[in-house]
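Fold and contact review
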Amino acid sequence: MKNFETSLEAIQDLNKRGYTANLSLEGDTIDDKAQGIKMTADDFTINEFYRFEGASNPSDMSIVYAVESAKYNLKGVLVNAFGTYANNSSSAIDAKLNYHQVNQ
């Protein structure tokens with residue numbers, strides 16, 4: 001994996017490498033709203049992730065995920081908060097994301 005100074009640099013690099021879908025975490029699914037796709041935990045893999053902590057504000061923390069789905073033939077980027085502003089639901093999606101945060 002590469003090292004990036006900012007989450008924007010990571011996103012731009014992933015976009016250049018074909019991770020072009022803009023994904024969002026919506027409860028128990030990861031969605032590509034542009035294509036109307038809702039993925040469950042079994043529908044995708046996480047190929048890479050990058051953790052960022054805000055230099056001026058420790059609560060400004062996020063993880064950029066490189067997500068791929070063979071089922072939907074897409075590659076995209078998911079940005080998710082961790083720490084104070086993290087999503088605290090107990091879905092299978094969160095379990096999969098948390099696994100990558102802990103097991104780096």
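Residues numbered from 1 in each chain as written. Predicted model: local features only at pLDDT ≥ 70, side-chain atom pairs only at ≥ 80, totals over all residues. Heavy atoms only, no water.

An unreviewed UniProt entry lists the chain under the name Phosphoribosylpyrophosphate synthetase, with Mucilaginibacter gracilis given as the organism.

A count of helical and extended segments in the chain gives two helices and six strands. Along the chain, from the amino end to the carboxyl end, the secondary structure elements read α-β-β-β-β-β-β-α. When the 104 residues of the chain are sorted by exposure, 43% land in the buried category. For the chain, the share of sequence-separated contacts (at least 6 apart) that also reach a separation of at least 24 residues comes to 54%. Just so you have it, the chain exposes about 6,200 Å², and 46% of that area is on carbon and sulfur atoms. (Helix = DSSP H or I, 4+ residues; strand = E, 2+ residues; numbered from the N terminus. Buried < 20%, exposed > 50% of the residue type's maximum accessible area, 1.4 Å probe, protein only. Contact = heavy atoms within 4.5 Å. Areas by Shrake-Rupley, 256 points an atom, 1.4 Å probe, with all protein chains shown as cover.)

Here the focus is the packing of aromatic side chains. On inspection of all chains with the given rule, the structure shows two aromatic pairs. On the numbers, 6.3 Å between centres and 35° between planes, the contact of Phe 49 with Tyr 65 is tilted. Within this pair, whereas Phe 49 is found in strand β4 (residues 45–53), its partner Tyr 65 is found in strand β5 (residues 61–69), the two being separated by 16 residues in sequence. This pair shows no difference in class: Phe 49 is buried, exactly as Tyr 65 is. (Phe/Tyr/Trp six-rings, centres within 6.5 Å; stacked < 30°, edge-to-face > 60°.)

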